[in-house]
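Coordinate inspection notes
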Amino acid sequence: MFDRRLIHNFDWGLLLVVLLVAAIGLTTVYSAVTADPPPAAQKILFYKQIIWFTLGAVVMVSAFSFNYRVLERWAHPIYVVCLLMLLGVVVFGKLAGGSRRWLALGPVHLQPSELIKIAVVLVLAKYYSKDAVTGGFTLRDLVRPILLTALVVGLLIGMLQSATQLQEPTIVFVPKF
């Protein structure tokens with residue numbers, strides 16, 4: 001069901017800027033592939049750009065019409081599923097580049113360390129929005145979010161096998177402070 005408030009509260013100026021930038025990009029690609037008599041293979045780039053623009057527009061429309069408050073109800077189950085997938089990497093993970101970071105699910109390969117970042121943000125957002133206090137949080141109030149984050153950071157650090165991957169837990173942990 002479509003909510004009429006969506007049209008009323010929509011940022012039409014932003015949409016106009018996005019469409020303008022996309023039109024400039026499409027014009028630039030078209031100009032680049034038709035400057036000289038190009039082979040037919042180069043024109044395919046313009047058509048691919050149109051396809052990607054269309055897919056991006058569909059994703060954009062679905063994103064702003066999605067009721068994100070549904071995620072509030074699913075924050076903890078998403079967090080648990082992501083934790084299980086992270087543990088699954090240790091047991092079933094695909095070895096690539098000297099470390100196990102990928103889960104092979106048939107033709108699809110997932111990297112749970114990326115998904116868990118979103119799950120942590122959802123869980124922390126739910127915690128801070130539900131338990132918000134006017135005087136601020138005490139150290140006792142922050143124990144639960146610290147534990148939720150520390151569990152993920154501990155798992156990620158335990159999985160790391162190279163120094164370059166130390167950036168992943170930092171990305172998850174730094175926004176807490």
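That block above? That's the structure.
Since we're looking at a predicted model, the values are computed, not measured.

1. Some details on the overall build of the chain
Summing up its helical and strand segments, the chain has seven helices and three strands in all. Starting at the N terminus and ending at the C terminus, the chain contains elements arranged as α-α-α-α-β-β-β-α-α-α. Relative to its full complement of 177 residues, the chain shows a buried share of 23%. The contacts in the chain between residues at least 6 apart in sequence include a share of 55% that link residues at least 24 apart.

2. As for the nonpolar core
Tyr79, Ile116, Val120 and Val152 are the most contacted members of the largest nonpolar core, which totals 18 residues. Taken together, the elements giving at least two residues each to this core come down to helix H4 (70-92), helix H5 (112-130) and helix H6 (143-159). Looking at this core element by element, the count peaks at seven residues for H4. Once residues lying within four places of it in the same chain are set aside, the contact partners of Tyr79 are Ile116, Ala119, Val120, Val123, Leu148, Leu151 and Val152.

3. Quick look at H4
Its 23 residues give H4 an end-to-end C-alpha distance of 31 Å, which sits within 8% of 33 Å, the value for a rise of 1.5 Å per residue. His76 marks the point of greatest bend in H4, at about 40 degrees, and the proline Pro77 comes within the next four residues. Turning to H4, the residues buried within the fold contact strand S2 (99-105), strand S3 (108-110), H5 and H6.

4. Quick word on the packing of H4 against H5
In a packed pair of helices, the relevant descriptors are the angle between the two axes and the axis-to-axis distance. One can describe the packing of H4 onto H5 by two numbers: an axis separation of 8 Å at closest approach and a directional angle of 150 degrees. H5 is crossed by H4, and the crossing has left-handed handedness. Across from Leu71, Glu72, Ala75, His76, Ile78, Tyr79, Cys82, Leu83, Met85, Leu86 and Val89 in H4, the residues of H5 making contact are Pro112, Ser113, Leu115, Ile116, Ala119, Val120, Leu122, Val123, Lys126 and Lys130. Partitioned by chemical class, the residues of the contact of H4 with H5 number 16 nonpolar, two polar and three charged.

5. Description of the environment of Gln49
Mapped onto the secondary structure, Gln49 falls in helix H3 (residues 40-65). In this structure Gln49 comes out as partly exposed when scored by relative accessible area, which is 37%. Remark: the alpha-carbon pair of Gln49 and Gly25, spanning 24 residues in sequence, is separated by 8.8 Å.

6. Description of the environment of Trp102
Checked against the element boundaries, Trp102 lands in strand S2. Sequence-wise, Trp102 and Leu86 are 16 residues apart; in three dimensions their C-alpha atoms are separated by 9.1 Å.

7. With respect to a nonpolar patch on the surface
A contiguous nonpolar patch, built from Ile44, Leu45, Tyr47 and Ile50 and spanning about 360 Å² of accessible area, is present on the exposed surface. With a relative accessible area of 42%, Ile44 lands in the partly exposed category.

8. Observations concerning the packing of H4 against H6
Two elements in contact, H4 and H6, have axes separated by 10 Å at closest approach and are oriented at 20 degrees. Viewed along their axes, H4 and H6 adopt a mutual orientation that is roughly parallel. The way H4 lies across H6 gives a crossing that is left-handed. Contacts between H4 and H6 involve His76, Tyr79, Leu83, Leu86, Leu87, Val89 and Val90 from the first element and Arg144, Leu148, Leu151, Val152, Leu155, Leu156 and Met159 from the second. Each residue belonging to the contact of H4 with H6 can be placed in one class, and the counts come to 12 nonpolar, one polar and one charged.

9. A word on the pattern of salt bridges
Applying the stated criterion across every chain, the model contains two salt bridges. One salt bridge in this structure joins Lys117 and Glu114, with 3.4 Å as the shortest N-O distance. Here the residue Lys117 and the residue Glu114 both occupy positions in helix H5, the gap between them amounting to three residues, near one helical turn. Judged by relative accessible area, which is 15%, Lys117 ranks as buried.

Rules behind the numbers
Residues numbered from 1 in each chain as written. Predicted model: local features only at pLDDT ≥ 70, side-chain atom pairs only at ≥ 80, totals over all residues. Heavy atoms only, no water. Helix = DSSP H or I, 4+ residues; strand = E, 2+ residues; numbered from the N terminus. Buried < 20%, exposed > 50% of the residue type's maximum accessible area, 1.4 Å probe, protein only. Contact = heavy atoms within 4.5 Å. Core = buried A, V, L, I, M, F, W, Y, C linked by side-chain atoms within 4.5 Å. Expected span 1.5 Å × (residues − 1). Bend = angle between axes of the 7 residues up to and from the residue. Axes fitted to C-alpha atoms, helices over the stretch in contact; angles between N-to-C directions. Left-handed = near helix turned anticlockwise from the far one by under 90°. Nonpolar A, V, L, I, M, F, W, Y, C, P; charged D, E, K, R; others polar. Patch = residues over 30% accessible without salt bridge, like charges linked within 9 Å, V, L, I, M, F, W, Y side chains within 5 Å. Areas by Shrake-Rupley, 256 points an atom, 1.4 Å probe, with all protein chains shown as cover. Salt bridge = Lys/Arg side-chain N within 4 Å of Asp/Glu carboxyl O. Parallel < 35°, antiparallel > 145°, perpendicular 65-115°, else oblique.

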